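# A look at the structure
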Amino acid sequence: MKTLPVILVGFGPVGRAFAELLAEKMAELKEKYGLSLRLEAILRRSSALLLEEKVESLDKRALVNKINDPSSWSRRPSLDSLLQQGIPGVLVEVTTSDLKTGQPGYDHIKKALTSGWHVVTANKGPLLVSFSELHNLAKENNLRLKFSGATAAALPALDVGLVSLAGTEIRRVEGILNGTSNYLLTRMAEGASYSEALKEAQEKGIAEKNPAYDVEGWDTAVKLALLSAAFFGVCLQLEEMEVVGINQLTPEELRMAKQKGLKFKLIGSLWKQKESIKAKVRPELLNPSHALFFVDGTNKGISFVTDSMGTITLMGGQSDPRGAAAALLKDIINIYHHF
Ligand code: HSE
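Notes on the structure in this doc start here.

How each quantity is defined
Residues numbered from 1 in each chain as written. Predicted model: local features only at pLDDT ≥ 70, side-chain atom pairs only at ≥ 80, totals over all residues. Heavy atoms only, no water. Near = heavy atom within 4 Å. Polar contact = N/O pair within 3.5 Å; in protein donor to acceptor, adjacent residues only side chain to side chain. Areas by Shrake-Rupley, 256 points an atom, 1.4 Å probe, with all protein chains shown as cover. Helix = DSSP H or I, 4+ residues; strand = E, 2+ residues; numbered from the N terminus. Nonpolar A, V, L, I, M, F, W, Y, C, P; charged D, E, K, R; others polar. Pairing = 2+ DSSP bridges. Contact = heavy atoms within 4.5 Å. Axes fitted to C-alpha atoms, helices over the stretch in contact; angles between N-to-C directions. Core = buried A, V, L, I, M, F, W, Y, C linked by side-chain atoms within 4.5 Å. Buried < 20%, exposed > 50% of the residue type's maximum accessible area, 1.4 Å probe, protein only.

### Comments concerning the site of the ligand
The ligand sits among Lys 124, Asn 178, Gly 179, Thr 180, Ile 206, Glu 208, Asp 214, Asp 219 and Lys 223. The contact in question runs from an oxygen atom of the ligand to an N or O atom on the side chain of Asp 219, over 3.4 Å. Contact with the protein chains covers 83% of the free accessible surface of the ligand, which is 260 Å². Breaking the shell around the ligand down by element, the ones donating at least two residues are α7 (179–189) and α10 (218–232). Split into classes, the residues belonging to the shell around the ligand amount to one nonpolar, three polar and five charged.

The following block contains the structure:
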């Protein structure tokens, strides 16, 4: 049995879902993978929950009680002090994403990787701003920096592209990578108004705090940039992409498309053009023969066109904090467990 400390930084909906999922799956992780994950600390902006009674011996209800009890939270110690004490394990970084500076996630990830800790993150900002630097740092220190949670989370886009398609040439990638936009398109085609559909997406916990980021296509563009860096080693800048969101489409246009047996989908595409990689995000009118036509509601999808395995399409993937938490947990398991 491998006993591994885990520090969770960031405690929004995804951080909370991760802590709960870890407690829920503890016995299964031990039994199936021989991993005993000990959640040692949860760090919020200015407070911390330090778990002396480690999560390996706490059930989910006890953990939730502790989390909900304000007296369990104390002043936040420095991340450095926590990283330096005891044996290193995994830092789970899920603070709010800043796409311009990458902070504070950048500092957290860098500190962990220079202190011997693996990192698993759903935070797009630091990866977008400093992908190569952080990955090189991980490599130099013989550590892993995994980020399924930042690239469509429960849809295993990265794993399939990197592991299952190893040895192929990926020539084109097309994805429905934003659950919020896809949900809005589906619901509006069914007759819901934009604001009703958006409210529902927010209630499901999938829309960003600022939903413009989802509906204007930027969330999809960032995911494409990270997939490009991972699959092609090319860190695209958002300014290099044509990005058009779904916000220009009217419910009328969506209903008309439905009547004709067609659907608008927000498609993010990556493709090879001579020696360079191109990317664009825009709503496209699909007919039922398109691989992503049946990806509806909060589901996401991705289709890979390869040189030697044909076209591989995945769809589904729970678009909510629990789905994102499961992607973080999956990355941790894959660091330590070799199938
Ligand atoms: N807001 C995103 C979505 C989830 O709707 O897919 C985080 O990437």
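### Some thoughts on the pairing of strand β11 (residues 276–286)
Pairing analysis gives two bridges linking strand β9 (residues 242–243) to β11, with the strands arranged parallel. Following the sheet pairing, Val 243 is matched in β11 by Val 281. The pairing of strand β10 (residues 263–273) with β11 spans 11 bridges and is antiparallel. The residue bridging Gly 268 from the neighbouring strand is Val 281, located in β11. Hairpin connection from β10 to β11: two residues lie between these consecutive antiparallel strands, with Lys 274 at a positive phi of about 50°.

### A look at the sheet that holds strand β6 (residues 118–121)
Strand order in this open sheet of seven strands is β4-β3-β2-β1-β5-β6-β7, and the pairing throughout is mixed. Edge strands, defined here as strands with exactly one partner in the open sheet, are β4 (73–75) and β7 (145–146). Relative to strand β2 (residues 35–43), strand β1 (residues 2–9) is paired through eight bridges, and the arrangement is parallel. Each bridged residue has a counterpart across the sheet, and for Pro 5 the counterpart in β2 is Arg 38. Contacts from helix α12 (residues 321–336) reach β1, β2, β5 (90–93), β6 and β7 within the one sheet, and its direction differs from that of β6 by about 155°.

### Describing the nonpolar core
Counting 72 residues, the largest nonpolar core has Ile 7, Leu 184, Met 241, Leu 270, Ile 302 and Phe 304 as its most contacted members. Per element, the largest residue contribution to this core is nine residues, and it comes from α10. If we ignore the near neighbours within four places in the chain, the residues touching Ile 302 are Leu 155, Ala 157, Val 173, Glu 174, Gly 175, Leu 177, Leu 227, Leu 292, Ile 312, Thr 313 and Leu 314. With 34 residues, the next largest nonpolar core counts Leu 35, Val 120, Ala 325 and Leu 329 among its residues.

Interpretation note: all reported values are geometric properties and have no functional meaning in isolation.
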